[in-house]
Amino acid sequence: MANGQWFPSDWPDRIRALADGTLTPVTPRRAATVMLVKDGPAGTLFVHMLRRRASMAFAGGAYAYPGGGVDPRDDERPVRWAGPTRAWWARRLGVEEAEAQAIVCAAVRETYEEAGVLLAGPDPDSVVGDTTGADWEADRAAVAARELSFAEFLDRRGLVLRSDLLGAWTRWITPEFEARRYDTWFFVAALPEGQRTRNASTEADRTVWIRPQEAADGYDKGELTMMPPTIATLRQLAPYATAAEALAAAPGRDLTAVLAEARLTDGEIVLSWPGHGEFTKHIPIPAGGGPA
């Protein structure tokens, strides 16, 4: 492929099955991912990325951000909270209040699970410092294993979730023909002072701090594999020189969900993502009727 766009080999068959009415779309699972950013020298912005292990069934070898699915327990139990209210987040994300809490919790929890960075503090005006000690690691592992809910973790530590440190950036829904589907909200957050990232994920074999434009260039050259939402958000981050600038831009971002469209026309399948023309693919259908 000319660039690094991740394109599963079974997509053409699944797209045709969806068009034929023989494939029933899977209900997408709610998820959140965080573009963790920090300032570099001379007004340069860096973003934290991880590379998914090649053995992973979904997007193996692709570069992405820390993120994952919502824990249903975060819909049910009040979480120690600071920053904009749950009602504010519900309006911003376009969901009910309990769901807004769960999505924001997923963003903060997954960043802690996969990068070791915790957007929480003992009060609404502070953030915890170094979280790399053995006791922190034990709690992180328990949260990652779902042995400890995020609400229980915050209570145990006497911490409040700092929702004000997050900026909602965009929303993408996995195409209807995919076997694994996610309704994912993307957030941006600055690396808190005193904390540092590490590869705490069992799903990643490498992590890197990289300039968004440099990562996008690697994708364009076919050197870095990414899914459409990842490269799209990198291009959106590239114009910003500092973490503060990127965070300041978040409130004005449109959160209308991006969902791929597939149609059959003139002997080919056309796959497109509205508003993102660079990802459009034309897949020929041979005379026999099956995808090429």
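Residues numbered from 1 in each chain as written. Predicted model: local features only at pLDDT ≥ 70, side-chain atom pairs only at ≥ 80, totals over all residues. Heavy atoms only, no water.

### With respect to the side chain of Glu 114
Note on placement: Glu 114 falls in helix α4 (residues 97-115). Within the buried core, Glu 114 has no salt-bridge partner, and the shortest N-O distance to an opposite charge, that of Arg 52, equals 6.3 Å. A polar atom in the side chain of Glu 114 sits 3.1 Å from the backbone nitrogen of Gly 67. Excluding residues that lie within four positions of it along the chain, Glu 114 makes contacts with Leu 50, Tyr 65, Pro 66, Gly 67, Arg 198, Asn 199, Ala 200, Ser 201 and Glu 203. (Helix = DSSP H or I, 4+ residues; strand = E, 2+ residues; numbered from the N terminus. Buried < 20%, exposed > 50% of the residue type's maximum accessible area, 1.4 Å probe, protein only. Lys, Arg positive; Asp, Glu negative; His and termini not counted. Salt bridge = Lys/Arg side-chain N within 4 Å of Asp/Glu carboxyl O. Polar contact = N/O pair within 3.5 Å; in protein donor to acceptor, adjacent residues only side chain to side chain. Contact = heavy atoms within 4.5 Å.)

### Digging into the environment of His 282
Within the secondary structure, His 282 sits in strand β14 (residues 281-284). It is 39 Å that separates the C-alpha atoms of His 282 and Ala 244, two residues lying 38 residues apart in sequence. Ignoring sequence-local partners within four residues, the contact set of His 282 consists of Glu 268, Ile 269 and Val 270. One polar contact links His 282 to Glu 268, side chain to side chain, over a distance of 2.8 Å.

### Comments concerning the packing of aromatic side chains
Two measures describe an aromatic ring pair: the distance that separates the ring centres and the angle between the ring planes. For the coordinates displayed, the defined rule picks out 10 aromatic pairs. Taken together, the ring pairs connect Tyr 112, Trp 136, Phe 150 and Phe 153 into an aromatic cluster. In this arrangement the basic side chain of Lys 38 is found over the ring face of Trp 209, its NZ or CZ atom lying 4.5 Å from the centre. (Phe/Tyr/Trp six-rings, centres within 6.5 Å; stacked < 30°, edge-to-face > 60°. Lys NZ or Arg CZ within 6 Å of the ring centre and 35° of its normal.)

### A look at the packing of α4 against helix α5 (residues 134-144)
Relative to each other, α4 and α5 sit at 120°, their axes nearing to 9 Å. Judged on the interaxial angle alone, α5 and α4 are oblique. Crossing geometry of α4 relative to α5 is assigned as left-handed. Contacts between α4 and α5 pair Arg 109, Tyr 112 and Glu 113 from the former with Trp 136, Arg 140, Val 143 and Ala 144 from the latter. (Axes fitted to C-alpha atoms, helices over the stretch in contact; angles between N-to-C directions. Parallel < 35°, antiparallel > 145°, perpendicular 65-115°, else oblique. Left-handed = near helix turned anticlockwise from the far one by under 90°.)

### Regarding the nonpolar core
Residues Leu 93, Leu 118, Leu 166 and Phe 187 are the most contacted members of the largest nonpolar core, which totals 43 residues. Secondary-structure elements contributing two or more residues to this core are β1 (29-40), α3 (86-93), α4, α5, α6 (150-157), β8 (166-173) and β9 (182-190). If we skip the residues at most four places from it in the chain, Phe 187 touches Ala 32, Thr 33, Val 34, Met 35, Trp 89, Leu 93, Ile 103, Ala 107, Leu 166, Gly 167, Ala 168 and Trp 169. Judged by nonpolar contacts, the second largest core, of 39 residues, contains Trp 11, Tyr 63, Val 208 and Trp 273. (Core = buried A, V, L, I, M, F, W, Y, C linked by side-chain atoms within 4.5 Å.)

### What about α6?
Residues of α6 that are buried include every one of Phe 150, Ala 151, Phe 153 and Leu 154, and no others. In an axial view of α6, the angular spread of the buried residues amounts to 160°, which keeps them on one side of the axis. At its buried positions, α6 is contacted by α2 (73-76), α4, β6 (120-121), α5 and β7 (160-162). (Arc of directions from axis to C-beta.)

### Points about the side chain of Thr 184
Among the secondary structure elements, Thr 184 is positioned in strand β9. If sequence neighbours within four positions are ignored, Thr 184 has contacts with Ala 31, Ala 32, Thr 33, Thr 170, Arg 171 and Trp 172.

### With respect to the confidence of the model for the chain
Per-residue pLDDT for the chain has a mean of 89; in total, 93% of the residues score no lower than 70. Every residue in residues 288-292 is under pLDDT 50, and counting partners more than four places away or in other chains gives nine contacts. (pLDDT = per-residue confidence, 0-100.)

### Regarding the packing of α3 against α4
Following both chains from N to C, one finds α3 and α4 inclined at 85°, their axes separated by 8 Å at the closest point. One way to sum up the angle between α3 and α4 is to call them roughly perpendicular. Residue-level contacts link Arg 86, Ala 87, Trp 89, Ala 90 and Leu 93 of α3 to Glu 97, Ala 100, Gln 101, Ile 103 and Val 104 of α4. When the residues that make up the contact of α3 with α4 are grouped by side-chain class, the tally is seven nonpolar, one polar and two charged. (Nonpolar A, V, L, I, M, F, W, Y, C, P; charged D, E, K, R; others polar.)

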